[in-house]
Amino acid sequence: MDTEIVILNQDNIDKSVIKRAGDILKAGGLVAFPTETVYGLGGDALNPESSRKIYAAKGRPSDNPLIVHIATMDALRKIVTDIPDGALKLASRFWPGPLTMIFNKNELVPRETTGGLDTVAVRMPSDKIAAALIEAAGGYIAAPSANLSGRPSPTVAKYVIEDMDGRIDMIIDGGDSEVGLESTIVDFTAGEPMILRPGYITKEMLEEALSQDVSIDKAIIDTNSKTPPKAPGMKYRHYAPKGELAIIEGDSEAVIAEINRLSEEASLAGLKTGVIATEETKARYHADSVKSVGHAGREDEVAHHLFRILREFDDEGIEKMYSESFADSGVGAAVMNRLLKAAGHKVIKL
Ligand code: AMP
Ligand code: MG
């Protein structure tokens, strides 16, 4: 299949391109597009055939449900059986934005889109191109991240093209994704609100908006947990670079020394090495590739750069990677969740 690649400017969106992309989606085709979290691989969420095509293009297991992207609250009302008060509060505070909520679906949403579940994940993105495209497509776009299953989510169009060229109808290049991590997922269908996936909207922000405690799915925190995570997608090894990644945790000086030691050992064994460092520490490392993920203590910067850096290590053929550890609070909780998954939970504690 020929994939058309177009560049759009967030501040001056070419309406004729949006119309053409919307028509592709309405006809059951697939279009990758920018959002503020990561790039999405879009299809008509209410068309079971489109959802099947999304799973095929990604190589994604079909029990892993898709997020339905909407542009208005009216669109939400049409596809769910009820909207809990808490969800309304969160929608008015954080939509449009990087928050996904789980609702009980009605018959308009096909099971192909929800991986066979009676619930549906819904998000209203703030990205202007995404919002315009959703309207042009008829109101509902199912869109997982626009990467091949198992690879880090793309935050720049270059990596969407690498994974999806020839597999889908169109790719819209709208520049860098602002947040750089997938949305926070909150479930309301079990009564009390529960975070199923940490993201840019933190536990503290949700609790403040709801004036109540919000729990986190235990299976996400306790990796030895026997119960599977409530978001089926969280069980997969995700976000993984091709090489092997380890996280080194401890006092900053000890971490630097240990990463340099491990990197030298790997080099001597003939392996190409990479280090994920910060602006403050990057000059201290010796490896084939040292990359700064942002300033120490700025987990939002780490979120923005992390997936791109993992992809760049792949491009450079890096075989062994070492990363500093980051604070586990606020946005850092989401950063560490993704980093731990990318590392297959390999953590060296000093
Ligand atoms: P992605 O679109 O690639 O960011 O992945 C979507 C995530 O949302 C996956 O982890 C899914 O398991 C999760 N998800 C989607 N729909 C539901 C649902 N109805 N219930 C629980 N988790 C869901
Ligand atoms: Mg994904």
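Our structure is the block above this text.
This text gives an overview of the structure that appears in the document.

**As for the overall build of the chain**
Right, so step 1: Helices and strands together make up the secondary structure of the chain, namely eleven helices and 16 strands.
Right, so step 2: Taking 2.2 N^0.38 as the reference for a compact globule, 350 residues should give roughly 20 Å; the C-alpha atoms of the chain span a radius of gyration of 20 Å, in line with that estimate.
Right, so step 3: Overall, the C-alpha framework of the chain stretches about 60 × 50 × 35 Å when taken along its three principal axes.
Right, so step 4: Relative to its full complement of 350 residues, the chain shows a buried share of 55%.
Right, so step 5: Total accessible area on the chain stands at roughly 14,500 Å², and carbon and sulfur atoms take up 50% of it.
Right, so step 6: Within the chain, one finds 40 positive and 53 negative side-chain charges whose respective centroids are separated by 4 Å.

**A few points about the sheet that holds strand E4 (residues 67-69)**
Right, so step 1: With mixed pairing, eleven strands are arranged side by side in an open sheet as E1-E8-E2-E3-E7-E4-E6-E5-E9-E10-E11. The strands lining the two open edges of the sheet, one partner per strand, are strand E1 (4-7) and strand E11 (215-216).
Right, so step 2: Here strand E2 (residues 31-33) runs beside strand E3 (residues 40-44); their pairing, made up of three bridges, is antiparallel. The residue bridging alanine 32 from the neighbouring strand is leucine 41, located in E3.

**A short note on the environment of valine 38**
Right, so step 1: Within the fold, valine 38 resides in the loop between E2 and E3.
Right, so step 2: Residue valine 38 is classed as buried on the basis of its relative accessible area of 6%.
Right, so step 3: Sequence-wise, valine 38 and arginine 123 are 85 residues apart; in three dimensions their C-alpha atoms are separated by 13 Å.
Right, so step 4: Apart from residues no more than four positions distant in its own chain, valine 38 is found in contact with Ser145, Ser153, Pro154, Thr155, Ser177, Gly180, Leu181, Glu182 and Phe307.

**Re the pattern of salt bridges**
Right, so step 1: For the structure on display, the rule yields 27 salt bridges.
Right, so step 2: We note a salt bridge from arginine 151 to aspartate 163, for which the minimum N-O separation is 3.4 Å. Of this pair, arginine 151 sits in the loop between strand E7 (141-142) and helix H6 (157-164) while aspartate 163 sits in helix H6, and the two are twelve residues apart along the sequence.
Right, so step 3: Classification of arginine 151 as buried rests on a relative accessible area of 12%.

**As for the site of ligand 1**
Right, so step 1: If you check the shell around ligand 1, you find 22 residues, and the closest are Arg60, Asn64, Thr119, Arg197 and Gly233.
Right, so step 2: Here serine 145 contributes a backbone N or O atom positioned 3.4 Å from an oxygen atom of ligand 1.
Right, so step 3: At a separation of 3.2 Å, an oxygen atom of ligand 1 approaches a polar backbone atom of proline 232.
Right, so step 4: Considering ligand 1 on its own, with 500 Å² of exposed area, one finds that the protein chains cover 96% of that surface.
Right, so step 5: For the shell around ligand 1, the elements supplying multiple residues, two or more each, are strand E6 (119-123) and strand E10 (194-197).
Right, so step 6: At three residues, the largest contribution of residues to the shell around ligand 1 is made by E6.
Right, so step 7: Across the shell around ligand 1, the residue classes break down as 14 nonpolar, four polar and four charged.

The rules behind these values
Residues numbered from 1 in each chain as written. Chains lettered and ligands numbered in written order. Predicted model: local features only at pLDDT ≥ 70, side-chain atom pairs only at ≥ 80, totals over all residues. Heavy atoms only, no water. Helix = DSSP H or I, 4+ residues; strand = E, 2+ residues; numbered from the N terminus. Rg over C-alpha atoms; globule rule 2.2 N^0.38 Å. Buried < 20%, exposed > 50% of the residue type's maximum accessible area, 1.4 Å probe, protein only. Areas by Shrake-Rupley, 256 points an atom, 1.4 Å probe, with all protein chains shown as cover. Lys, Arg positive; Asp, Glu negative; His and termini not counted. Charge placed at Lys NZ, Arg CZ, Asp CG, Glu CD. Pairing = 2+ DSSP bridges. Contact = heavy atoms within 4.5 Å. Salt bridge = Lys/Arg side-chain N within 4 Å of Asp/Glu carboxyl O. Near = heavy atom within 4 Å. Polar contact = N/O pair within 3.5 Å; in protein donor to acceptor, adjacent residues only side chain to side chain. Nonpolar A, V, L, I, M, F, W, Y, C, P; charged D, E, K, R; others polar.

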